[in-house]
There are 2 protein chains.
Amino acid sequence: MEIKLPKKALVTGAAGFLGSHLCRQLLSEGYEVTAIDNLFTGNKSNIYDLMDDRRFSFVLHDVTQPFWGQFDEIYNLACPASPVHYQHNPVETIKTSVIGMMNILDLALKTKAKVLHTSTSEVYGDPLVHPQVESYWGNVNTIGIRSCYDEGKRCAETLAADYRREYGVDVRMVRIFNTYGPNMHPKDGRVISNFIMQALCDEDLTLFGDGLQTRSFQYCSDLIDAMRRFMRLSRVDVDAFCVKHSLGSPVINVGNPGEYTIKELAQETLKLLPDSKSKLVYKPLPADDPKRRRPDIILAKELLGWQPKVPLCEGLKKTIAYFREMV
Amino acid sequence: MEIKLPKKALVTGAAGFLGSHLCRQLLSEGYEVTAIDNLFTGNKSNIYDLMDDRRFSFVLHDVTQPFWGQFDEIYNLACPASPVHYQHNPVETIKTSVIGMMNILDLALKTKAKVLHTSTSEVYGDPLVHPQVESYWGNVNTIGIRSCYDEGKRCAETLAADYRREYGVDVRMVRIFNTYGPNMHPKDGRVISNFIMQALCDEDLTLFGDGLQTRSFQYCSDLIDAMRRFMRLSRVDVDAFCVKHSLGSPVINVGNPGEYTIKELAQETLKLLPDSKSKLVYKPLPADDPKRRRPDIILAKELLGWQPKVPLCEGLKKTIAYFREMV
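Residues numbered from 1 in each chain as written. Chains lettered and ligands numbered in written order. Predicted model: local features only at pLDDT ≥ 70, side-chain atom pairs only at ≥ 80, totals over all residues. Heavy atoms only, no water.

Caption draft 1: Layout of the side chain of threonine 12 of chain B. Residue and element names in this part refer to chain B. Note that threonine 12 resides in strand S1 (residues 8-12). For threonine 12, a relative accessible area of 0% puts it in the buried group. Among the polar contacts listed, one links the side chain of threonine 12 to the side chain of asparagine 76, at a separation of 2.8 Å. Discounting chain neighbours no more than four positions away, the residues touching threonine 12 are Ile36, Val63, Tyr75, Asn76, Leu77, Ala78 and Ile104. (Helix = DSSP H or I, 4+ residues; strand = E, 2+ residues; numbered from the N terminus. Buried < 20%, exposed > 50% of the residue type's maximum accessible area, 1.4 Å probe, protein only. Polar contact = N/O pair within 3.5 Å; in protein donor to acceptor, adjacent residues only side chain to side chain. Contact = heavy atoms within 4.5 Å.)

Listed below in structure tokens is the structure:
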């Protein structure tokens, strides 16, 4: 008789927006989950409902310090991801991305764990190629106020690629494009949480620049689905895919290619909150703010048999319901 | 009466090609010099002649480990810089650039030392703008075989910019373009040392691709001159220069804008070694090899009152004389 023990997963940044959803998904699939977070931008309230599950353990820990444990799978989500947070202490942001990645990769090397690293569309910077394909090398300032995040994340990709190439660590990477949904930090300063919070509080919705810069918005459940599909693949299949597409390392875009201007998003938000007294106001564009960003997801479609399912208005409704509880 | 004690300088990578020349220059200006090197690519023979100077101390140390000491000036040159060396252990290369930079900046923060960090033209990657100006953000692959160096160096720039902006560390950066001269590692695999060693040994000179990719070649004394000029400037003047030129951080190109094809360099080398039996042979271009690279040095000219003085044929002669002693 085959004894089937639950698989063990480590999730870093587990009390954050995406980490909390991922933990919930892994538990629903029968995993034992060890959740670490330094609670800088994460909130335990995002995982209160998981605390009574005996397969779930929360450990207060900062990924810039080494961590030990035997896991089948490691999901590295730890890093403040919104400018207001990652610019709070830029040096710590770099350390979280770079030293955090080293610690995770060292752990994976010692324990033969499979790793999913969450990279970001910010590695493309202010892209000169549109939509962004994985083979595009990006347009990133090394010395600007966004660089701590962008270059930290780029360097983390390099580390992952080199640990894979040199030491054989089975690491896969997703470049996550704008994602939203319940459990977002209400003050993370990103456009969807800003607009919803402003509309709920009858404050004017703040647009930067002319509001015609575009973004793509992915609902969180679509991303979690892609991440899990990626980790279910065998190493052999992932390697074969890299060879087929001349990918130096398994890194794929995950996002929703639907493109909206920031102004359209503001209008859509107000349409879903018809009682709001908010109007649109315009402010100057901050430094190095990308003008357009949209994922090419051909590789994700082929590799994962995946595409985003949740339309913006449906995702916005769920997110509004979440934030409404807060105000 | 004013007592004048010598200024104290720390040089990392001091036994390397450029580090050794810098130590010699600093000693000639009356400095006390502490020289650290892990001797991975550095060679003590480069600094044998300095060992008897009581103002000179050599410490075997790796910059990825913290270092302590009180210095007026720190020159951070530690990092293998040629592909054959930095690809030997890519993860260590990233650690040298990134953790090494953190250690240096932490030391500077604690001791109020002034820092000169040596960045590289590799932060521009395979540039789409020609010649490269400091405001160009570069075109760099995050997951290729050169990325450990390119992204490590980019991330080090980001750290320097953030320590300066957040903590007030007085750090200045030079982006060094191809530099050559005596004390180069004979097997560093870079084009000038390759060609001279091949010509001296009557082996054929290896050109990659069609040999029409261009490079600029700076003689080492010109670079050391620029570095010293940069460090002699007051912080106020450097800050004012940054404001005037909208530079997010004081980073300037230092190189020789004279542009030569690799083929021209090979021919020039053979002209200076008329007894060599070597011919030119062509091999395929390695991955991500930049096709053109030439510095725009307008900022260095204005800030430092500097420009390169040593013409290629003169520098080559001195370098050939150095390598001739070796074979």
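So, next bit.
Caption draft 2: The arrangement of the packing of aromatic side chains in detail. All names here are of chain A. Using the criterion set out here, one finds 14 aromatic pairs over all chains in the structure. Aromatic side chains tyrosine 86 and tyrosine 149 sit 4.6 Å apart centroid to centroid with 5 degrees between the ring planes, which places their arrangement in the stacked category. Here tyrosine 149 lies in helix H4 (residues 147-167) and tyrosine 86 lies in helix H2 (residues 83-86), a separation of 63 residues in the sequence. By the burial criterion, tyrosine 86 is buried, and tyrosine 149 matches it. Ring plane angle 15 degrees and centroid distance 6.0 Å describe the contact between tyrosine 124 and tyrosine 136, whose orientation is recorded as stacked. With tyrosine 124 in the loop between strand S5 (114-120) and H4 and tyrosine 136 in the loop between S5 and H4, the pair connects residues that are 12 residues apart, well separated along the chain. Overall, tyrosine 136 belongs to the buried group, its relative accessible area being 11%. (Phe/Tyr/Trp six-rings, centres within 6.5 Å; stacked < 30°, edge-to-face > 60°.)

Caption draft 3: Molecular detail of the interface of chain A and chain B. Taken together, the contact pairs 39 residues of chain A with 39 residues of chain B. The largest per-residue losses of area from chain A upon contact with chain B belong to Trp137, Thr142 and Ile143 of chain A, which jointly make up 23% of the total buried on that side. At the junction of chain A and chain B, the tally comes to two salt bridges. A salt bridge links glutamate 151 of chain B to arginine 154 of chain A; the nearest nitrogen and oxygen atoms lie 2.6 Å apart. When residues of the side of chain A that touches chain B are traced back to their parent elements, those giving at least two are helix H3 (90-111), H4 and strand S6 (171-176) of chain A. For the side of chain A that touches chain B, the element with the highest residue contribution is H4 of chain A, accounting for 14 residues. (Buried area = accessible area lost by both parts, 1.4 Å probe. Salt bridge = Lys/Arg side-chain N within 4 Å of Asp/Glu carboxyl O.)

Caption draft 4: A look at helix H6 (residues 220-232) of chain B. Taking 1.5 Å per residue, 13 residues should reach 18 Å; H6 of chain B reaches 19 Å between its end C-alpha atoms and fits that length. Taken together, the buried positions of H6 of chain B are occupied by Cys220, Asp222, Leu223, Ile224, Ala226, Met227, Arg228, Phe230 and Met231 of chain B. (Expected span 1.5 Å × (residues − 1).)

Caption draft 5: Quick peek at the nonpolar core. Of all hydrophobic cores here, the largest spans 68 residues; its most connected members are Ile74 of chain A together with Ile74 and Leu159 of chain B. Contact partners of leucine 159 of chain B, with chain neighbours within four places excluded, come to Val91 and Ile94 of chain A together with Val98, Met101, Met102 and Leu105 of chain B. (Core = buried A, V, L, I, M, F, W, Y, C linked by side-chain atoms within 4.5 Å.)

Caption draft 6: Highlighting the pattern of salt bridges. What the rule picks out here adds up to 43 salt bridges over all chains. The salt bridge involving arginine 164 of chain A is made with aspartate 239 of chain A; its shortest N-O contact spans 2.7 Å. Within this pair, whereas arginine 164 of chain A is found in helix H4, its partner aspartate 239 of chain A is found in helix H7 (residues 235-244), the two being separated by 75 residues in sequence. Looking at arginine 164 of chain A, the relative accessible area reads 17%, which means it is buried. Given a relative accessible area of 28%, aspartate 239 of chain A falls into the partly exposed group. The shortest N-O distance in the salt bridge between arginine 228 of chain B and glutamate 29 of chain B comes to 2.6 Å. Note that arginine 228 of chain B is positioned in helix H6 and glutamate 29 of chain B in the loop between helix H1 (17-28) and strand S2 (32-37), a separation of 199 residues in sequence.

Caption draft 7: Local environment of the environment of isoleucine 320 of chain B. All names here are of chain B. On the secondary structure map, isoleucine 320 appears in helix H10 (residues 312-324). Since its relative accessible area comes to 3%, isoleucine 320 is described here as buried. Separated by 139 residues in sequence, isoleucine 320 and glycine 181 have C-alpha atoms that sit 8.6 Å apart.

Caption draft 8: Here's a closer look at the sheet that holds strand S5 (residues 114-120) of chain B. All names here are of chain B. Strand order in this open sheet of seven strands is S3-S2-S1-S4-S5-S6-S11, and the pairing throughout is parallel. Each edge of the open sheet is held by one strand with a lone partner, namely strand S3 (56-60) and strand S11 (251-254). If you compare each strand with its neighbour and ignore which way they point, the axes differ by 20 degrees on average. Where S2 and S3 come together, five bridges link them in parallel fashion. By the bridge assignment for S3, threonine 34 is matched with serine 57. (Pairing = 2+ DSSP bridges. Axes fitted to C-alpha atoms, helices over the stretch in contact; angles between N-to-C directions.)

Caption draft 9: Spatial organisation of the state of the cysteines. The tally for this structure, following the rule as stated, stands at zero disulfides over all chains. Left unpaired, cysteine 242 of chain A is separated from the closest cysteine sulfur, that of cysteine 148 of chain B, by 18 Å. Using a relative accessible area of 4% as the deciding quantity, one classes cysteine 242 of chain A as buried. No disulfide involves cysteine 313 of chain A; its sulfur sits 15 Å from that of cysteine 220 of chain A, the nearest cysteine. With relative accessibility at 32%, the residue cysteine 313 of chain A sits in the partly exposed group. (Disulfide = S-S within 2.5 Å.)

Caption draft 10: Highlighting unusual backbone geometry. All names here are of chain A. Residue proline 131 is reached from histidine 130 by a cis peptide bond, and omega for that bond is -10 degrees. Within the secondary structure, proline 131 is located in the loop between S5 and H4. The phi dihedral of asparagine 183 is positive, around 80 degrees, even though this residue is not glycine. Residue asparagine 183 is classed as buried on the basis of its relative accessible area of 11%.

This is a description of form; function is not addressed.
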